[in-house]
Amino acid sequence: MPQKTPGSGARLGLGVVVSIAIAAIAVFALTQALKNVDYDQVFAVVERTNVGVIALALMLVAISYGSLTFYDLLALRTIGRKDIPYRIAALASFTSYPIAHGVGAVAVISPLIRYRIYSYHGLGAIGVAKICFLTGLTFWLGNLTALGLSLLYEPGAISLIDYLPPAVNRLLAGALLCGIVAFLVWSWLAPRSVGTRRWPVPLPSGPMVLLQIAIGIVDLGAAALAMYVLIPTGSNISVFHLTAVFIAATLLGFASHAPAGIGVFDAAILIGLGGEDREPLIAALLMFRFLYHLLPFVISLGLFGGIEGWRSLRAKR
């Protein structure tokens, strides 16, 4: 049985407390934000939304999930598994992300689904763990880079969320981007790895880090634009403002471990973007939730279930 590292229980407990605290604060903030909302007007905004706008948002969602498939492909190439084709990487990515985020237990569900996909191609538990680490690295590099760039341009975008003045947000954004540049230079100078001597995890090279950042920005940018086009005209919300708030909401939802960040993501969006007229924003949020979270969750769940059923039937034969 593996030994627990000193302090691992305390770190786990702290993580649980932080997640519960974020969720509790978000639920309280969401209930306050939803007071006096005219839901008839919300559904009227949904009904008035042009079909072309919904189609554009759906296309942007497809671009976002399409870019996610390269997370796994880059991770496979980094650990030296060039024999596993793109279609398998795309399958593992598209089934693991929507299902894991929809259920909420990302750290547990995502590796399990990836293992079910990759084990048929000779990848063991250690290899899957390396892929999960490297895909997470791509996620964070892309999100933090986009957040830093957005806050440099519009530092007051998340002031209603973090309660910091724009000057401090801009300073933090600069520090964040400097850290990413330092990591890029460090990875460019020589091959790097993390982990133990027995189970080392190779880190991507400098050019690969640049590609990770680019793919992460495309993923996040397409998702943010999908929500942006759903917001009715006249709301006076800039793309940079929405992007900064969207990233903050995504990261808070991720930290809460709530299924699809429900409650946390929504509260951050409504607080960060909302004014007195909340109905159009709530309508856009509902449509985005359906297109970006519910629809991919149902499709990926059906796809994964179909593959498991086919493999089970094939094994019996």
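Reading guide: rules and limits
Residues numbered from 1 in each chain as written. Predicted model: local features only at pLDDT ≥ 70, side-chain atom pairs only at ≥ 80, totals over all residues. Heavy atoms only, no water. Helix = DSSP H or I, 4+ residues; strand = E, 2+ residues; numbered from the N terminus. Buried < 20%, exposed > 50% of the residue type's maximum accessible area, 1.4 Å probe, protein only. Contact = heavy atoms within 4.5 Å. Areas by Shrake-Rupley, 256 points an atom, 1.4 Å probe, with all protein chains shown as cover. Salt bridge = Lys/Arg side-chain N within 4 Å of Asp/Glu carboxyl O. Expected span 1.5 Å × (residues − 1). Core = buried A, V, L, I, M, F, W, Y, C linked by side-chain atoms within 4.5 Å. Axes fitted to C-alpha atoms, helices over the stretch in contact; angles between N-to-C directions. Parallel < 35°, antiparallel > 145°, perpendicular 65-115°, else oblique. Left-handed = near helix turned anticlockwise from the far one by under 90°. Nonpolar A, V, L, I, M, F, W, Y, C, P; charged D, E, K, R; others polar. Phe/Tyr/Trp six-rings, centres within 6.5 Å; stacked < 30°, edge-to-face > 60°.

Colleague: With reference to specific residues and values, describe the overall build of the protein chain.
Modeller: Counting secondary structure elements, the protein chain contains 12 helices and two strands. Each helix and strand of the protein chain, placed in order from N terminus to C terminus, yields the pattern α-α-α-α-α-α-α-α-β-β-α-α-α-α. Put simply, the protein chain has 317 residues, and 44% of those count as buried. Contacts spanning at least 24 positions in sequence make up 70% of the contacts within the protein chain whose residues lie at least 6 apart. Carbon together with sulfur atoms contributes 71% to the accessible area of the protein chain, which is approximately 16300 Å² in total.

Colleague: With reference to specific residues and values, describe the pattern of salt bridges.
Modeller: Under the definition given, this model contains four salt bridges. Residues Asp83 and Arg81 are paired through a salt bridge, measuring 2.8 Å at the closest nitrogen-oxygen approach. Take Asp83: its relative accessible area is 54%, and that puts it in the exposed class. Of the residues examined, Arg81 reaches a relative accessible area of 18% and is grouped as buried.

Colleague: Hey, could you go over helix H4 (residues 86–103) for me, with residue numbers and the actual values?
Modeller: For H4, with 18 residues, the first-to-last C-alpha span of 26 Å sits near the 26 Å given by 1.5 Å per residue. On its buried face, H4 is in contact with helix H3 (51–78), helix H5 (106–118), helix H6 (125–153) and helix H12 (279–316). Note on H4: the residue one or two positions beyond its end, Gly104, has a positive phi of about 110°.

Colleague: For unusual backbone geometry, give the residues involved together with the corresponding values.
Modeller: Glycine aside, the phi torsion of most residues is negative, and most peptide linkages are trans. Residue Tyr163 is not a glycine yet carries a positive backbone phi of 60°. Relative to the helices and strands, Tyr163 is located in the loop between helix H7 (159–162) and helix H8 (166–189).

Colleague: Which residues make up the nonpolar core, and what are the values?
Modeller: In this structure, Phe246, Ile269 and Phe288 are the most contacted members of the largest nonpolar core, which totals 49 residues. For this core, the secondary structure elements donating two or more residues are helix H2 (39–48), H3, H6, helix H9 (206–230), helix H10 (239–256), helix H11 (264–273) and H12. The dominant element in this core, judged by the number of residues it contributes, is H12, at nine residues. Beyond its immediate stretch of four places on either side in the chain, Phe246 contacts Leu220, Ala223, Ala224, Met227, Phe265, Ile269 and Phe288. Judged by nonpolar contacts, the second largest core, of 20 residues, contains Ala92, Ile99, Tyr118 and Ile131.

Colleague: So what about the packing of H9 against H10? Which residues, and what values?
Modeller: Remark: H9 packs on H10, axes separated minimally by 10 Å, with the N-to-C direction vectors making an angle of 115°. In terms of axis orientation, H9 runs roughly perpendicular to H10. With respect to the hand of their crossing, H9 and H10 are arranged in right-handed fashion. Judged by residue contacts, Leu220, Ala223, Ala224, Leu225, Met227 and Tyr228 of H9 engage Val239, Leu242, Thr243, Phe246 and Ile247 from H10. Per-class residue counts for the contact of H9 with H10 are 10 nonpolar, one polar and no charged.

Colleague: Describe the packing of aromatic side chains, naming the residues involved and giving the relevant values.
Modeller: Summed over the entire model, instances satisfying the criterion amount to 13 aromatic pairs. With a centroid separation of 5.9 Å and 80° between ring planes, the pair formed by Tyr65 and Phe94 is classed as edge-to-face. Of this pair, Tyr65 sits in helix H3 while Phe94 sits in helix H4, and the two are 29 residues apart along the sequence. According to the relative accessible area criterion, Tyr65 is buried, its value standing at 11%. For the ring pair Phe183 and Trp186, a centre distance of 5.9 Å and an interplane angle of 40° mean the geometry is tilted. One end of the pair is Phe183 and the other is Trp186, both in helix H8 and three residues apart, which spans about a single turn. By way of ring pairs, the aromatic residues Tyr65, Phe94, Phe246, Phe265, Phe288 and Tyr292 are connected into one cluster.

In short, geometric facts, not functional conclusions.
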